[in-house]
Amino acid sequence: MDRAAIIGVGTTKIEKSKVGETFADMAWEAVNKALSDAGMTIDDIDNVVTTSSDFWDGRTISCMAVGDASGAAHKNVSCVEGDGTYGAFYGMTRSLSGSYKTTLVTGHSKGSQSVSSLITNSAFDSIYERALGMDMVTACAMQARSYMHRTKTTPEQLALVSVKNHGNALKNPLSQLPMKITVKDVLESEMIADPLHKLDCSPISDGCAAVIIAHESVAAKFQQKPVWIKGVSFCADSFFFGDRDLSRAKALTEAAKKVYAMAGIKNPKKEIDVAEIYDAFTYQELMWLEEMGLVDDAMAGKLLEKGEFNIDGRLPVNASGGLLSGHPVIAAGLYSMAAVVRQIRGDAGGFQVKKAKTGLVHGVNGLGGQSHCVFILDQDK
Amino acid sequence: MAKRVAIVGTGQTFHKSHRPDVNGQELINEAVLRALDDADLKMKDIDAIVIGNMDHFEGINYVDCWSVDGSGGTMKPIIKLTTGGTTGCTVAIGGYHLVGSGMFDRVLIIGWEKNSESDTTGAITTAFDPVWDRLVFAGAISGLAAEAQAYIARYGASERDGARVSVRDRKHAMNNPHAQLRKEVSLEEVLASPMLADPIHLLDVCPRSDGACAVIMASEDVAEKICPKPDWIWGTAARHSYSYLGDADYGRLTSMREGSQELWKKAGIKEPRKELDVIELYQPYSFGGLIWIEDMGIVGPGEAPRYIWDGNTDMGGELPINPSGGVIATNPIGATGLIRCAEAAMQVMGKAEERQVPDVNFAFSSGFGGCWWTDMILHGKKKPK
Amino acid sequence: MSDQFQGIEPMVYKSKINVPYSWWAGDTASKFYLTLRDEKKITGTKCAACNKVFLPPRKVCPSCFTENTQWVNISDEGTVITFTVARRQFAAIPHDRKVPVIWGLIKLDGADTAMLHYLDEIKPENVKIGMRVKAVFSEGRKGNIRDISHFKPV
């Protein structure tokens, strides 16, 4: 397979409510930032993939809102509905299939314009489950309980994820919630759905991110040193919660296995330098780390306490502040991707980690992490 | 190295106005099983799945995740693409890139819709901008009526010209056991049917349907082992040119013109009228069948009515259009574009049974939707260079 | 935001989309719900190839991809696999249920998969993973998942 690289990234600030901006305004900002970052004009872009959700946007054909602002009016364009990592995956295939050399991928969401409980309740099966009134928060709370029961991970360990990530956000001017908090603050915050407190949960935010993915034949032509996609894989678990072992993420384990093989990684614990992992809720950072083999089973909480995942730790996780510090759904995976790209370039400013040659980007789709997408990015081809 | 891509199998449900006997997943499963059967493959042979529908027609969020029992996506890579009415073609194009990139050898593509589960017009209206367009927009038909009016004013066409297209497609549907509406209509019946929005009569437009379609694409490394005479994808194009209703050039489909010009250039087609053998056009209403084949470059502006009245687009004519009966006979919106692709593939592969056009070398399929958007695919019997 | 908008207050246009739905349950779910409504019995389908019993019942086995034609009775008693308690009155929670609301994933005896439903007649702090519960059927049953009112401790 030919290689592709990320040659430009652009992200808006993540905010609780961008009241003065429409979807198109956010896309305009992110796209222009990405073009400027890459040293490209819109004419250098061969085709566009937007990522959006009809549900979160409250409009069917949600991609219509951002097409023009993304420069797609007279170009080939498509739309992925799912996390930004899935959009980036599709954009990558379009740069590799022979039709196009450069693909602009955007992802957006305005959480401030949605009633998230009703939107995520619609992910439940309408015939057997929806009427019970669960949503993403209660679904993930149920999974957190299951994970904690199996691995004996404690509420204090969960809280520590929040402390770390909000603290990391202090160094990231684009994040929504930089905060200096303690474990006690998290445990005393309002209990939303057992066992998740308010500070265990990410906010639902507004934001738009864009990345530019190029075929290897043109990747070095522009302003930035290319950040290479050495591997990508995604996989979905069963849909009904009752069909799954909620304390495990089989699909993530499978996707991780495939992506390590694709990238030639034999020992992920040693070979991954930096990671941005989908932390919509605190327990998820720990659970996904274990399920993707970056940490031994049931050990993530303990290693977190030892400081292993701090910015100056063995494996910095969510140095950008993660989604806990700002979570525009759908765009999320592209923010994570932009953060890892910046790390690898040495361009992450305040939250730059010391060693960043190989990075991992992770995104999630569906309830309780049903579907996962993992990228391995590298300085070298 | 990018790979050449071919369609090696297709399957679709027998489309109906409503299917009370199955829920959405079960409907999807029917099409998937038929496509696997057509390609003589098992679910374990599929490397990835692309699925699409229009969310607001069924009210299901994260459809890729929800569908896995029916689509076969459990423990596989599955991704959802959605672009409104063009979705069916968009997912086919998606499969093409997934295989063409070299990532996957065999990709299953699914388009589906259970339009009977919701208020179609209510859902379509949410596509348009809530501040500028939504309050004055009255569903798809009003927009199409504006286009038809503009074309009639510009080129002197008439309601009869539109009706002739309906008569053609409804006749073609008689050869297609999968079509929903299988009853011929006469010119007089079309013109006498209730006026919905001037000049569109009831029998000028598509029904709404429950249906699913599945197509399997494979890379050149394995395609001919699966299917000795597969349908090669020669090229794709898409233009989603407009966001606001007032932006469009009414009476001309700019997205079709731009997209097809790109496609002919890419594929080396100099005279589409001569070189195409069959067209499966996403034509949700009769007048589209006049306007859009001009924008495709089959005939010049204003020439379509004559071309069609002369029988050129009927079965047995120079360039048959919609041998399947097209969208006027069947319209499960998220599936419709993919059905066009599957029907074009069947024509190339010689699997179109009663509706087969003889000696098909090149076939064209398209998707239409959104704010005057068009997606399209060129299919060919020979392997592209 | 650029300078030309200085001093202009952003307008917020409030609106709601209203798209009502009626989902076809299909023959399989219909049979399940009619049995639930009329006989107060919980049933599932069994795959002839892998012998798995599915609740909710599936028309086609998701692993084997073959049609499940065999229906089996499932006990109305089972084990709690996991649970959560909503403390905030989320918008999705039906109006007749007030927080704290407890949902459980319950593996009924005879089924290989678990089902989601409410746990009630128990204080949230007393719910334990592994506890045994039993279905309580609603008085007025209409052929939907709330024909079971909740599961109570055994």
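About the thresholds
Along each chain, the written sequence defines residue order, and numbers are assigned to residues from 1. In the order they appear in the text, chains get letters beginning with A and ligands get numbers beginning with 1. Local features in this predicted model are restricted to residues whose pLDDT is 70 or higher, and side-chain atom pairs enter the listing and the counts only when it is 80 or higher, whereas totals over whole chains, interfaces and linings include all residues. Labels follow the DSSP assignment, with helices taken as runs of H or I lasting at least four residues and strands as runs of E lasting at least two, numbered in each case from the N terminus. Buried residues are those with 20 or more other C-beta atoms within 10 Å of their own C-beta, exposed residues have 12 or fewer, and partly exposed residues lie in between; C-beta atoms are placed from the backbone. For every residue pair, C-beta atoms are placed from the backbone, and the pair is scored as a contact if these atoms sit within 7 Å. The globule rule used for comparison is 2.2 Å times the number of residues to the exponent 0.38, while the radius of gyration itself is calculated over C-alpha atoms. DSSP-based pairing: two strands are paired if at least 2 bridges between them are found. Each axis is a line fitted through C-alpha atoms, and for a helix only the stretch in contact is used; angles between axes span 0 to 180 degrees, taken between their N-to-C directions. Buried Ala, Val, Leu, Ile, Met, Phe, Trp, Tyr and Cys residues whose C-beta atoms connect them within 7 Å together make up a nonpolar core. Either an automatic procedure or a domain database provided the assignment from which the domain bounds are taken. Any residue that is not Ala, Val, Leu, Ile, Met, Phe, Trp, Tyr, Cys, Pro, Asp, Glu, Lys or Arg is counted as polar, Gly included; the first ten are nonpolar and the last four charged. Helices are assigned an expected span. That span is 1.5 Å times one less than the residue count. Oblique is the label for any angle not covered by the other classes, which are roughly parallel (under 35 degrees), roughly antiparallel (over 145) and roughly perpendicular (65 to 115). You can read pLDDT as the predictor saying how much it trusts each residue, on a scale of 0 to 100.

**Q** Could you give me a rundown of the overall build of chain C, with the residues and numbers involved?
**A** Across its full length, chain C holds one helix and eight strands. Of the regular secondary structure in chain C, the N- to C-terminal order runs α-β-β-β-β-β-β-β-β. Its C-alpha atoms put chain C at 70 × 40 × 30 Å along the principal axes. A total of 154 residues make up chain C; the buried ones form 38% of that total. Long-range pairs, those at least 24 residues apart, make up 51% of the contacts in chain C with a sequence separation of at least 6.

**Q** Quick one: what's the story with the overall build of chain B, residue by residue and with numbers?
**A** A count of helical and extended segments in chain B gives 16 helices and 11 strands. In summary, chain B has a C-alpha radius of gyration of 19 Å against a globular reference of 21 Å for 385 residues, a match within 12%. Its C-alpha atoms put chain B at 55 × 45 × 35 Å along the principal axes. The buried share among the 385 residues of chain B stands at 66%. Of all intrachain contacts in chain B linking residues separated by at least 6 positions in sequence, the fraction that spans at least 24 positions is 78%.

**Q** I'd like to hear about the sheet that holds strand β2 (residues 48-52) of chain B, residue by residue, with values.
**A** Backbone-to-backbone hydrogen bonds join strands into a sheet, with any given pair of strands oriented parallel or antiparallel. Residue and element names in this part refer to chain B. Pairing in this open sheet of nine strands is mixed, and the strands run β3-β2-β4-β7-β1-β8-β11-β10-β9 from one edge to the other. Two strands bound the open sheet, and with one partner strand each, they are β3 (78-80) and β9 (278-280). Adjacent strand axes in the sheet meet at a mean angle of 25°, parallel and antiparallel pairs treated alike. As paired elements, strand β10 (residues 362-369) and strand β11 (residues 373-380) share eight bridges and run antiparallel to each other. The residue of β11 that forms the bridge with Gly369 is Trp373.

**Q** How would you sum up the nonpolar core? Please name residues and give values.
**A** By size, the foremost hydrophobic cluster in this structure holds 303 residues, and its most contacted members are Ile6(A), Val211(A), Leu377(A), Ile109(B), Ile110(B), Val215(B) and Met217(B). Here this core gets 11 residues from one element, more than from any other, and that element is helix α16 (residues 333-349) of chain B. No fewer than three residues from each of domain 1 (5-119 + 209-226) and domain 2 (127-207 + 233-380) of chain B sit in this core. Apart from the residues within four sequence positions on either side, Ile109(B) is in contact with Val50(B), Val91(B), Ala92(B), Gly95(B), Ala214(B), Val215(B), Met217(B) and Leu338(B).

**Q** Account for the domain arrangement of chain B, naming residues and giving values.
**A** Residue and element names in this part refer to chain B. Parsing chain B into structural domains produces domain 1 (5-119 + 209-226) and domain 2 (127-207 + 233-380). Listed by partner, the interface residues are 36 residues for domain 1 and 36 residues for domain 2. Of all the elements in the fold, those that place two or more residues in the side of domain 1 that touches domain 2 are β1 (5-12), α5 (87-100), β4 (106-114) and β7 (210-219). Here the residues of the side of domain 1 that touches domain 2 are counted per class, giving 16 nonpolar, 17 polar and three charged.

**Q** Could you give an account of the interface of chain B and chain A, with specific residues and numbers?
**A** Counting residues at the interface gives 49 residues for chain B and 50 residues for chain A. Elements with a contribution of two residues or more to the side of chain B that touches chain A: α2 (55-58), α3 (63-66), α4 (68-71), β3, α5, α6 (120-125) and β8 (231-239) of chain B. With six residues, α5(B) is the largest single contributor of residues to the side of chain B that touches chain A. Residues belonging to the side of chain B that touches chain A are distributed by class as follows: 22 nonpolar, 20 polar and seven charged.

**Q** I'd like to hear about the interface of chain A and chain C, residue by residue, with values.
**A** When the parts come together, some accessible area is lost, and that loss is often what is quoted as the size of the interface. Each partner contributes to the interface: chain A provides 33 residues, whereas chain C provides 37 residues. Of all the elements in the fold, those that place two or more residues in the side of chain A that touches chain C are α4 (116-121), α5 (136-151) and β5 (191-194) of chain A. As paired strands, β5(A) and strand β4 (residues 77-86) of chain C are joined by two bridges and run antiparallel to one another. Residue Asp194(A) lies in a different strand from β4(C), and its bridge partner there is Val85(C).

**Q** Would you mind going over the environment of Gly143(B) in detail, with residue names and values included?
**A** Residue and element names in this part refer to chain B. Among the secondary structure elements, Gly143 is positioned in helix α7 (residues 140-155). Judged by the 20 C-beta atoms lying within 10 Å of it, Gly143 falls in the buried class. Considered as a pair, Gly143 and Tyr242 are 99 residues apart in the sequence and their alpha carbons are 13 Å apart.

**Q** Please provide a residue-by-residue account of helix α3 (residues 84-96) of chain A, values included.
**A** Residue and element names in this part refer to chain A. With 13 residues, α3 should cover 18 Å at 1.5 Å per step; its first-to-last C-alpha distance of 18 Å lies within 8% of that length. With respect to burial, α3 is a largely interior element, 13 of its 13 residues being buried. Within two residues after α3, Gly98 carries a phi angle of roughly 95°, on the positive side.

**Q** Break down the pairing of strand β11 (residues 371-378) of chain A for me, citing the residues and quoting the values.
**A** Residues and elements named next belong to chain A. Extensive coverage of β11 is indicated by the burial of eight of its eight residues. Burial along β11 is two-sided: Ser371, Cys373, Phe375 and Leu377 facing one way and His372, Val374, Ile376 and Asp378 facing the other are all buried. The pairing of strand β8 (residues 227-236) with β11 spans seven bridges and is classified as antiparallel. Its bridge partner lying in β11, Phe234 is registered against Cys373. Sheet topology note: the strand β10 (residues 358-365)/β11 ladder contains eight bridges and is antiparallel. Within β11, the residue paired with Leu360 across the bridge is Ile376. Linking β10 back to β11 in an antiparallel pair, the connection comprises five residues, with Gly366 at a positive phi of about 85°.

**Q** Quick one: what's the story with the environment of Glu280(B), residue by residue and with numbers?
**A** Residues and elements named next belong to chain B. Of note, Glu280 is situated in strand β9. Spatially, the C-alpha atoms of Glu280 and Phe137 are 28 Å apart, while their sequence positions differ by 143 residues. If near-sequence neighbours (up to four positions away) are discounted, Glu280 is found in contact with Asn322, Ser324, Arg340, Glu343, Ala344 and Ser365.

**Q** Tell me what's going on with the packing of α3(A) against helix α12 (residues 332-345) of chain A, and back it up with residues and numbers.
**A** Residue and element names in this part refer to chain A. In the contact formed by α3 and α12, the axes pass within 5 Å of each other and the chain directions differ by 70°. Between α3 and α12, the angle falls in the class roughly perpendicular. Together, Gly84, Thr85, Gly87 and Ala88 of α3 and Ala332, Gly333, Leu334 and Met337 of α12 make up the contact between the two elements. Here the residues of the contact of α3 with α12 are counted per class, giving four nonpolar, four polar and no charged.

**Q** Now, about the confidence of the model for chain C: what can you tell me, with residues and values included?
**A** Looking at chain C, the pLDDT average stands at 94 and 99% of residues meet or exceed 70. For this predicted complex, the interface confidence score (ipTM) comes to 0.96, while the overall pTM stands at 0.96.

**Q** Describe the pairing of strand β7 (residues 206-215) of chain A, naming the residues involved and giving the relevant values.
**A** All names here are of chain A. Counting buried positions along β7 gives 10 out of 10 residues, so the element sits mostly inside the fold. Strand direction decides the pairing type here: strand β1 (residues 4-11) and β7, joined by seven bridges, are antiparallel. Bridge assignment links Thr11 to a residue of β7, and that residue is Ala209.

**Q** Which residues make up the sheet that holds strand β2 (residues 53-54) of chain C, and what values do they have?
**A** Residue and element names in this part refer to chain C. Sheet architecture is open: three strands sit in the order β2-β1-β3, paired in antiparallel fashion. Bordering the open sheet on either side are β2 and β3 (70-74), each of which pairs with just one other strand. Pairing analysis gives two bridges linking strand β1 (residues 42-46) to β2, with the strands arranged antiparallel. Paired with Thr45 across the strands is Phe54, a residue of β2.

**Q** Please give an account of the packing of helix α6 (residues 155-168) of chain A against helix α10 (residues 282-291) of chain A that cites residues and values.
**A** All names here are of chain A. Taken N-terminus to C-terminus, the directions of α6 and α10 make an angle of 100°; their axes are 7 Å apart at the nearest point. When the axes of α6 and α10 are compared, the pair comes out roughly perpendicular. Seen from α6, the contacting residues are Gln157, Leu158, Ala159, Val161 and Ser162; seen from α10, they are Thr282, Tyr283, Glu285 and Leu286. Its residues placed into classes, the contact of α6 with α10 shows five nonpolar, three polar and one charged.

**Q** Help me get a handle on α12(A), residues and values and all.
**A** Residues and elements named next belong to chain A. Over its 14 residues, α12 runs 20 Å from end to end, which matches the ideal 20 Å to within 8%, given 1.5 Å per residue. Across the 14 residues of α12, 13 count as buried, placing the element largely inside the fold. Following α12 by one or two positions, Gly346 adopts a phi angle in the positive range, close to 80°.

**Q** Hey, could you go over unusual backbone geometry for me, with residue numbers and the actual values?
**A** Each neighbour pair has its own omega, and for Asp194(A) with Pro195(A) the value is 0°, a cis peptide bond. By secondary structure assignment, the location of Pro195(A) is in the loop between β5 and β6 (196-197). The omega torsion of the bond from Leu55(C) to Pro56(C) falls at 0°, within 30 degrees of zero and hence cis. In this structure, Pro56(C) sits in the loop between β2 and β3. Even without glycine at this site, Asp40(B) takes up a positive phi of about 55°. Tracing the backbone shows Asp40(B) in the loop between α1 (24-39) and β2. For Glu121(C), which is not glycine, the phi torsion reads 60° and is therefore positive. By secondary structure assignment, the location of Glu121(C) is in the loop between β6 (115-119) and β7 (132-137). Judged by the 11 C-beta atoms lying within 10 Å of it, Glu121(C) falls in the exposed class.

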